[in-house]
Amino acid sequence: MSVPIADLPVAQRPRERLLMLGPHALSDSELLALLLGQGTRGLSALELAAQLLGEYGGLAELSAARPEELARRAGIGPAKAATVIAAFHLGTRSRTSTDTVPRLSTPEDVARVAIPLFAGARVERLLVLICDTQHRLRHRAFVAEGAIDHVAVPVREILNTVLRHDGRAFAVVHNHPSGDPEPSPDDRRASTLLHQAATTVGLRYLDHIVIAGESWTTAPPLE
């Protein structure tokens, strides 16, 4: 029989343990249970959290879950799914924020900013890094998401996103979930199109990076 968290001794309740001992004293299941808030019929929040981690294989795998996928899971629903996904992304943003604004002067600078944003991604996603005239990063925006091995490159949407955020220069980044960062001919054709389109509207195209885990390469325009 499931025991509601409210019926546990105070010293065993996740919220009280966190306040008394700090977050490092809590297990992954206990921290996740705090985000879930309450369980479902027959399962406490702690049991639901443990079950969820078991189904996905751990925190790293759960962090890569799509919101709609998580929302469909029994006992979760849209509200809890949104809370869990938001918590993971706040953690990612806190690790990537710095006291100084990054300047994207080299492909290495682009990769350094982008790689943490793709952690755990299981499908291809397309990121635009929007900069000012000095190549200082102003905004990050994902503009497309595709299947496991393909993402369309919406040139018009990319340019509109840059202009909407008052950008003057931009780089694009996408991932290869296959694990091989080698750019395909389509990747290089996309670079050619982006370079030409940027020049037409008075923007500076900086680079196109392909990442796979911690590895990355550039996708230069076709000659």
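Being a predicted model, the structure only gives us computed values, none of them experimental.

Below, the discussion takes up the overall build of the protein. When its secondary structure is counted, the protein shows nine helices and five strands. In the protein, the succession of helices and strands from N to C terminus is α-α-α-α-α-α-α-β-β-α-β-α-β-β. Taken along the three principal axes of its C-alpha coordinates, the protein extends 70 × 35 × 30 Å. Counting over 223 residues, the protein shows a buried share of 39%. Summarising the internal contacts of the protein: among those between residues at least 6 apart in sequence, 58% fall at separations of at least 24. Entry remark: accessible area of the protein is about 12300 Å², with carbon and sulfur atoms responsible for 53%. Once the 23 positive and 25 negative side-chain charges of the protein are each reduced to a mean point, those two points are 7 Å apart.

A word on the pattern of salt bridges. Under the counting rule described, the total for this entry stands at 10 salt bridges. Across the pair Arg-73 and Glu-55 runs a salt bridge whose closest N-O atoms are separated by 2.7 Å. Residue Arg-73 is found in the loop between α5 (67-71) and α6 (77-96), and its partner Glu-55 is found in helix α3 (residues 45-56); the two are separated by 18 residues along the sequence. Given a relative accessible area of 14%, Arg-73 falls into the buried group. Between Asp-132 and Arg-136 there is a salt bridge, with its nearest N and O atoms 2.8 Å apart. The class for Asp-132 is buried, based on a relative accessible area of 12%.

For Leu-26, the position within the fold is in the loop between α1 (14-21) and α2 (28-36). Sequence-wise, Leu-26 and Leu-52 are 26 residues apart; in three dimensions their C-alpha atoms are separated by 17 Å. Every residue in contact with Leu-26, bar those within four places of it in the chain, is listed here: Pro-14, Arg-17, Leu-18, Leu-31 and Leu-34.

Further remarks concern the sheet that holds strand β3 (residues 169-175). With mixed pairing, the five strands of this open sheet are ordered in space as β2-β1-β3-β4-β5. Bordering the open sheet on either side are β2 (137-145) and β5 (215-218), each of which pairs with just one other strand. With direction set aside, neighbouring strand axes in the sheet form an average angle of 25 degrees. Bridging between strand β1 (residues 125-131) and β3 involves six bridges; their strand directions are antiparallel. When the sheet's bridge partners are listed, Ile-130 is paired in β3 with Phe-170. Taken strand by strand, helix α9 (residues 185-201) contacts β3 and β4 (204-212), and its axis lies near 160 degrees from that of β4.

For any two helices packed against each other, one specifies the crossing angle of their axes together with the interaxial distance. In contact at an axis separation of 8 Å, α2 and α3 are set at 115 degrees when each is read in the N-to-C sense. The way α2 lies across α3 gives a crossing that is right-handed. Listed contacts from α3 to Asp-28, Ser-29, Glu-30, Leu-32, Ala-33 and Leu-36 of α2 are Ala-45, Leu-46, Leu-48, Ala-49, Ala-50, Leu-52 and Leu-53. Along the lines of polarity and charge, the residues of the contact of α2 with α3 split into 10 nonpolar, one polar and two charged.

Turning next to the pairing of β1. Within β1, six of the seven residues are buried, which leaves it mostly tucked inside the rest of the structure. As defined by bridge partners, β1 adjoins β2 across seven bridges and the pair is classed as antiparallel. Considered in β2, the bridge of Ile-130 is made with His-139. Hairpin connection, β1 to β2: the antiparallel pair is bridged by five residues, and His-135 has positive phi, about 65 degrees.

Glancing now at the environment of Arg-103. Its place among the elements puts Arg-103 in the loop between α6 and α7 (107-114). Note: C-alpha distance between Arg-103 and Gly-22 (81 residues apart in sequence) is 36 Å.

Packing of helix α8 (residues 155-164) against α9 leaves a shortest axis separation of 10 Å and a crossing angle of 45 degrees. With respect to α9, the element α8 is oriented oblique. Between α8 and α9 lies a crossing of right-handed hand. On α9, the residues that touch Val-155, Ile-158 and Leu-159 of α8 are Leu-193, Leu-194, Ala-197, Ala-198 and Val-201.

Calculation notes
Residues numbered from 1 in each chain as written. Predicted model: local features only at pLDDT ≥ 70, side-chain atom pairs only at ≥ 80, totals over all residues. Heavy atoms only, no water. Helix = DSSP H or I, 4+ residues; strand = E, 2+ residues; numbered from the N terminus. Buried < 20%, exposed > 50% of the residue type's maximum accessible area, 1.4 Å probe, protein only. Contact = heavy atoms within 4.5 Å. Areas by Shrake-Rupley, 256 points an atom, 1.4 Å probe, with all protein chains shown as cover. Lys, Arg positive; Asp, Glu negative; His and termini not counted. Charge placed at Lys NZ, Arg CZ, Asp CG, Glu CD. Salt bridge = Lys/Arg side-chain N within 4 Å of Asp/Glu carboxyl O. Pairing = 2+ DSSP bridges. Axes fitted to C-alpha atoms, helices over the stretch in contact; angles between N-to-C directions. Left-handed = near helix turned anticlockwise from the far one by under 90°. Nonpolar A, V, L, I, M, F, W, Y, C, P; charged D, E, K, R; others polar. Parallel < 35°, antiparallel > 145°, perpendicular 65-115°, else oblique.

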